[in-house]
Amino acid sequence: MFSDFITFITDLPSQLTETGTFLPDSFEGGAAHLDTISHYISEIDTTYKIIATVISLIIALLGCFFGYKLSKLFMSLTGLLIGGIVGGMIGSQFFDGSSGIIAVCALVGAAILSILAYRIYQAGIFLLCFGLSFMAAASILPFTGDIQFFLSVVAGFIVGSLALKFIRPVIIITSAIVCGSSAAGCLTVLGQYMDMELLTAYPLLLTVIVIALGALVQFLTTSGGKH
């Protein structure tokens with residue numbers, strides 16, 4: 001089972017390029033790998049799903065309420081994630097596509113962008129806000145394929161560019177929206193697992209409350225000076 005899991009993680013970049021999730025239509029190649037993902041998720045015991053959801057909830061709440069204070073950490077993590085995905089995609093598209101090559105390209109890409117995001121503050125700010133806004137746009141846009149990808153990239157560049165001039169408010173708002181909505185989603189999932197109707201009855205209201213509280217706390221607990 002552990003070896004299967006390692007294989008699944010190693011093949012993730014090629015799965016993303018073939019399924020076209022958050023990618024343009026030119027990368028789409030079928031839904032077989034989505035079935036693999038669904039299979040792994042369905043096989044996980046409910047107890048482990050609850051534990052994973054709680055961990056995700058904690059991370060999301062940290063981002064929602066302390067996104068600006070922890071921005072340096074999140075910059076590195078964002079660079080790590082984006083670099084790993086891009087590196088893996090390059091390995092699967094331009095090389096022989098073997099698991100070893102993909103893994104090496106993903107590790108190299110993750111290391112390079114993570115170091116750049118941590119060492120170069122402006123690059124880190126742009127990557128962080130680009131990644132947050134890209135995920136937000138890709139989640140809420142009603143379009144799919146090329147249109148969704150293009151608009152998500154445009155949204156990412158706009159917000160990332162604005163962040164270079166208005167660092168504090170842009171980071172606070174984007175982290176509160178993305179992480180707050182994720183936290184609300186985790187709370188809703190926990191409510192379903194634990195039969196808590198209070199968490200599942202009004203998901204939209206819960207999302208708005210968490211986002212608003214996160215943004216309010218960040219604005220009240222951070223100063224407007226240089227980071």
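Residues numbered from 1 in each chain as written. Predicted model: local features only at pLDDT ≥ 70, side-chain atom pairs only at ≥ 80, totals over all residues. Heavy atoms only, no water.

## Comments concerning the packing of helix H9 (residues 167–193) against helix H11 (residues 203–221)
It is the contact of H9 with H11, at a shortest axis distance of 8 Å, that shows an interaxial angle of 145°. Judged by the sense of rotation from one axis to the other, the crossing of H9 with H11 is right-handed. Residue composition of the contact of H9 with H11, by class: 14 nonpolar, seven polar and one charged. (Axes fitted to C-alpha atoms, helices over the stretch in contact; angles between N-to-C directions. Helix = DSSP H or I, 4+ residues; strand = E, 2+ residues; numbered from the N terminus. Left-handed = near helix turned anticlockwise from the far one by under 90°. Nonpolar A, V, L, I, M, F, W, Y, C, P; charged D, E, K, R; others polar.)

## Focus: the confidence of the model for the protein chain
Predicted confidence across the protein chain gives a mean pLDDT of 75, with 74% of residues reaching 70 or more. Mean pLDDT per element in the protein chain: helix H1 (residues 2–10) is the minimum at 40, and H11 is the maximum at 92. Throughout residues 1–20 the model reports pLDDT below 50, and contacts reaching past four residues in sequence, or to other chains, amount to 40 contacts. Contacts from residues 26–34, a stretch scored under 50 in pLDDT, to residues over four places away or in other chains number 20 contacts. (pLDDT = per-residue confidence, 0-100. Contact = heavy atoms within 4.5 Å.)

## Section: the UniProt feature "transmembrane region" (unreviewed entry) in the protein chain
When the UniProt feature table is mapped to this numbering, "transmembrane region" (unreviewed entry) covers residues 48–66, 73–95, 101–118, 125–141, 147–164, 171–194 and 200–221. Here residues 147–164 is 100% helix and 0% strand, with 26 Å between the C-alpha atoms at its ends. For residues 171–194, helix accounts for 96% and strand for 0%, while the C-alpha atoms at its two ends are 33 Å apart. (UniProt positions renumbered as here; feature names shortened; annotations may be inferred.)

## A look at the nonpolar core
One finds Met75, Ile125, Leu128, Cys129, Ala163, Val170 and Ile171 to be the most contacted residues of the largest nonpolar core, which totals 18 residues. Secondary structure elements with two or more residues in this core: helix H5 (71–94), helix H7 (121–140), helix H8 (145–165), H9 and H11. The contacts of Val170, once residues within four sequence positions are left out, are Cys129, Val159, Leu162 and Ala163. One finds Leu57, Cys179, Leu206 and Val210 within the second-largest nonpolar core, a separate group that totals twelve residues. (Core = buried A, V, L, I, M, F, W, Y, C linked by side-chain atoms within 4.5 Å. Buried < 20%, exposed > 50% of the residue type's maximum accessible area, 1.4 Å probe, protein only.)

## Regarding the packing of aromatic side chains
The tally for this structure, following the rule as stated, stands at five aromatic pairs. Measuring from ring centre to ring centre gives 6.0 Å for Phe126 and Phe130, while their planes differ by 20°; the resulting arrangement is stacked. With Phe126 and Phe130 both in helix H7, this residue pair falls four residues apart, about one helical turn. A single burial state applies to Phe126 and to Phe130, both of which are buried. Taken together, the ring pairs connect Phe126, Phe130, Phe134, Phe149 and Phe157 into an aromatic cluster. (Phe/Tyr/Trp six-rings, centres within 6.5 Å; stacked < 30°, edge-to-face > 60°.)

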